[in-house]
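The chain contents come next:
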Amino acid sequence: LRQSSSLSGLNTPRSPLRTFHRTMASAASPTAASVAPSAGPVTKYRLQYEPTPFVVSSVHLDFALEPEATVVTQTTHYKPNDKFKGASKDMLFDGAAPDDLKLVSICVNDADITAQCDRHAKGLTVPASSLPDADEFVVKIVTEIAPAKNTALEGLYQSSGNFCSQCEAEGF
């Protein structure tokens with residue numbers, strides 16, 4: 001079963017798809033002082049975020065649904081953000097623990113940069129050195145997930161044989 005969708009005109013630093021990141025367009029995270037460690041969820045406020053290096057102009061998602069190995073292909077068009085004032089232009093993608101999400105590939109303008117990316121417990125970092133200095137570029141991320149094994153009921157999961165999705169503000 002295949003499901004596909006597109007979103008365009010997304011020029012905010014927080015986009016609907018979080019398939020491998022904090023914001024689709026690279027994230028600025030809340031300051032360490034504003035987010036204390038806790039056992040429960042941490043509230044994040046819009047005022048804690050700063051402009052990101054890039055904005056999203058369009059997103060296309062393709063889901064090849066299978067209970068044990070759903071392949072998600074995310075194709076996102078980015079543009080530089082004139083409001084960004086930071087030093088690092090690394091793209092930071094929030095995501096599930098490495099065991100929950102398999103990164104198949106990540107390409108920028110059709111060039112595979114998977115080996116240059118840093119996969120860690122909180123997600124994925126694409127170094128600025130892997131990104132083009134262009135007016136617009138395309139990032140294509142292919143991931144594999146197992147909805148039947150997802151018992152957290154977050155993201156894409158199966159319940160009574162049905163594919164279900166939780167609308168999340170973060171994840172990849």
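Rules of the game
- Residues numbered from 1 in each chain as written.
- Predicted model: local features only at pLDDT ≥ 70, side-chain atom pairs only at ≥ 80, totals over all residues.
- Heavy atoms only, no water.
- Helix = DSSP H or I, 4+ residues; strand = E, 2+ residues; numbered from the N terminus.
- Buried < 20%, exposed > 50% of the residue type's maximum accessible area, 1.4 Å probe, protein only.
- Contact = heavy atoms within 4.5 Å.
- Areas by Shrake-Rupley, 256 points an atom, 1.4 Å probe, with all protein chains shown as cover.
- Pairing = 2+ DSSP bridges.
- Axes fitted to C-alpha atoms, helices over the stretch in contact; angles between N-to-C directions.
- Phe/Tyr/Trp six-rings, centres within 6.5 Å; stacked < 30°, edge-to-face > 60°.
- Disulfide = S-S within 2.5 Å.
- Core = buried A, V, L, I, M, F, W, Y, C linked by side-chain atoms within 4.5 Å.

Caption draft 1: Spatial organisation of the overall build of the chain. Scanning the chain from terminus to terminus reveals zero helices and eleven strands. In the chain, buried positions account for 40% of the 172 residues. Taking contacts inside the chain between residues at least 6 apart in sequence as the whole, the part at least 24 apart equals 70%. Surface summary for the chain: the accessible area is close to 9700 Å², and the carbon and sulfur share equals 52%.

Caption draft 2: Focus on the sheet that holds strand β4 (residues 91-94). What the three strands build is an open sheet, ordered β4-β8-β7; its pairing is antiparallel. Strands with a single pairing partner mark the edges of an open sheet, and in this sheet they are β4 and β7 (118-120). Ignoring which end each strand starts from, the neighbouring axes of this sheet average 15 degrees apart.

Caption draft 3: Summary view of the packing of aromatic side chains. Inspection of every chain in the model, using the stated rule, returns three aromatic pairs. A centroid spacing of 5.2 Å and a plane angle of 90 degrees characterise the contact between phenylalanine 54 and phenylalanine 137, whose relative ring orientation is edge-to-face. Within this pair, whereas phenylalanine 54 is found in strand β2 (residues 54-64), its partner phenylalanine 137 is found in strand β9 (residues 137-145), the two being separated by 83 residues in sequence. Considered together, phenylalanine 54 and phenylalanine 137 belong to a single accessibility category, that of buried residues. Ring centres of tyrosine 78 and phenylalanine 137 lie 5.6 Å apart, and the angle between their planes is 25 degrees; this geometry places the pair in the stacked category. Here the residue tyrosine 78 occupies a position in strand β3 (residues 70-80), and phenylalanine 137 occupies one in strand β9, the gap between them amounting to 59 residues. Across the pair, exposure class does not vary: tyrosine 78 and phenylalanine 137 are buried alike. An aromatic cluster is built from Phe54, Tyr78 and Phe137, whose rings are joined through pairwise contacts.

Caption draft 4: Representation of the state of the cysteines in the model. By the definition in use, this model includes zero disulfides. With no disulfide partner, cysteine 107 has as its closest neighbouring cysteine sulfur the one in cysteine 117, 9.5 Å distant.

Caption draft 5: Local environment of unusual backbone geometry. Positive phi outside glycine occurs at asparagine 109, with the angle close to 50 degrees. Among the secondary structure elements, asparagine 109 is positioned in the loop between β5 (102-108) and β6 (111-112). Overall, the relative accessible area of 40% leaves asparagine 109 in the partly exposed class.

Caption draft 6: The arrangement of the pairing of β5 in detail. Most of β5 is tucked away, with five of its seven residues classed as buried. Two elements, β5 and β6, share two bridges in a ladder whose sense is antiparallel. Within β6, the residue paired with valine 108 across the bridge is alanine 111. Connecting the antiparallel pair β5 and β6 is a turn made up of two residues, with asparagine 109 showing a positive phi of about 50 degrees.

Caption draft 7: How the structure looks around the pairing of β9. With nine bridges connecting them, β3 and β9 associate as antiparallel partners. Of the residues in β9, the one forming a bridge with tyrosine 78 is phenylalanine 137.

Caption draft 8: Summary view of the nonpolar core. Ranked by internal contacts, the top residues of the largest apolar core, which has 24 residues, are Tyr78, Met91, Ile106, Val126, Phe137 and Val139. Of all elements in the fold, only β2, β3, β4, β5, β8 (123-126) and β9 reach the threshold of two or more residues within this core. Here the element with the most residues in this core is β2; it accounts for five residues. Sequence-distant contacts of valine 139, that is, excluding residues within four places in its chain, are made with Gln74, Thr75, Thr76, Tyr78, Met91, Ile106, Cys107 and Val108.

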